[in-house]
Amino acid sequence: GKTAIVSGCGYGTEMAVEIARAAEKAGADGLLLLPHYLIDAPQEGLYAHVKAVCDAVGIGVMVYNRDNSVLQVETLARLCEVCPNLVGFKDGTGQIGLVRQITAVMGDRLTYLGGMPTAELFAEAYLGAGFTTYSSAVFNFVPGLAVEFYKALRAGERATCERILKDFFYP
């Protein structure tokens, strides 16, 4: 199968739109919309920011809840109604209660991706909350272990997951 290219995009709204359009023009298949720069924003500001990026391109956009950019359930639901190319939600907050509300309300409207640093520590909770996968930072330096953990997680082999967590991740 074809490899999909997902480009990051972010900063302020104008720069994010500029980066998004350039990525689409260069052939990207989708965008990961990173948090805006530095300051907090009210929900209405986050709504306008995400909508502007989605409206600027025809490719799929995944929002990334983390740090100063945390979309609440109602805001995300409103965006899903008006942005057909809003296709994904990545979480880096670790707020499992919020995450579970989002998956319960949005259902299969979005694709869900766990995005916590050391995602494996949260993988079982995210899987239980309706996420299908996660991005693994440790895959970059211990890919075999990362794949072993993922396969055990998906197979429901909790003992293997716990062994790997205790032997590698927790230390």
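The preceding data block contains the structure.
Residues numbered from 1 in each chain as written. Predicted model: local features only at pLDDT ≥ 70, side-chain atom pairs only at ≥ 80, totals over all residues. Heavy atoms only, no water.

Draft legend 1. Spotlight on the packing of helix 3 (residues 73-82) against helix 4 (residues 96-106). Relative orientation of the contacting elements helix 3 and helix 4 amounts to 30°, with a least axis distance of 10 Å. Considering the relative orientation of helix 3 and helix 4, their crossing is right-handed. Along the contact surface, helix 3 presents V73, L76, A77 and C80, while helix 4 presents L98, Q101, I102, V105 and M106. Class assignment of the residues belonging to the contact of helix 3 with helix 4 gives a composition of eight nonpolar, one polar and no charged. (Axes fitted to C-alpha atoms, helices over the stretch in contact; angles between N-to-C directions. Helix = DSSP H or I, 4+ residues; strand = E, 2+ residues; numbered from the N terminus. Left-handed = near helix turned anticlockwise from the far one by under 90°. Contact = heavy atoms within 4.5 Å. Nonpolar A, V, L, I, M, F, W, Y, C, P; charged D, E, K, R; others polar.)

Draft legend 2. Representation of the pattern of salt bridges. Under the definition given, this model contains seven salt bridges. Note that D67 is salt-bridged to R66, the shortest N-O span being 3.0 Å. Classification of R66 as partly exposed rests on a relative accessible area of 26%. Between R158 and E162 there is a salt bridge whose closest N-O contact spans 3.8 Å. Of this pair, R158 and E162 both sit in helix 7 (residues 158-169), four residues apart, roughly one helical turn. Within the structure, one salt-bridge network assembled from shared partners comprises E124, R158 and E162. (Salt bridge = Lys/Arg side-chain N within 4 Å of Asp/Glu carboxyl O. Buried < 20%, exposed > 50% of the residue type's maximum accessible area, 1.4 Å probe, protein only.)

Draft legend 3. Just the nonpolar core, in detail. Judged by nonpolar contacts, the single largest core of 38 residues is most densely connected at L31, L76, L86 and M106. Listing elements by their share of this core, those giving two or more residues are helix 1 (13-25), strand 2 (30-33), helix 2 (43-56), strand 3 (60-65), helix 3, strand 4 (86-91) and helix 4. Per element, the largest residue contribution to this core is six residues, and it comes from helix 2. Setting aside residues up to four positions removed in sequence, M106 forms contacts with V73, L76, A77, C80 and Y112. Within the second largest apolar cluster, 12 residues are counted, among which are V138, F149, A152 and C161. (Core = buried A, V, L, I, M, F, W, Y, C linked by side-chain atoms within 4.5 Å.)

Draft legend 4. Local environment of the environment of T111. With respect to the helices, strands and loops of the structure, T111 is situated in strand 5 (residues 111-114). Separated by 50 residues in the primary sequence, T111 and C161 have C-alpha atoms spaced 24 Å apart. In this view, T111 contacts M62, V87, G88 and F89; residues no more than four positions away in its chain are not counted.

Draft legend 5. Examining the packing of helix 1 against helix 2 more closely. At their nearest, the axes of helix 1 and helix 2 sit 9 Å apart, and the two run at 25° to each other. The pairing of helix 1 with helix 2 is recorded here as roughly parallel in orientation. Two packed elements cross with a definite hand, and for helix 1 against helix 2 that hand is right-handed. Residues T13, A16, V17, A20, R21 and E24 of helix 1 form the contact with helix 2, whose participating residues are H49, A52, V53 and A56. Classifying every residue of the contact of helix 1 with helix 2 gives six nonpolar, two polar and two charged. (Parallel < 35°, antiparallel > 145°, perpendicular 65-115°, else oblique.)

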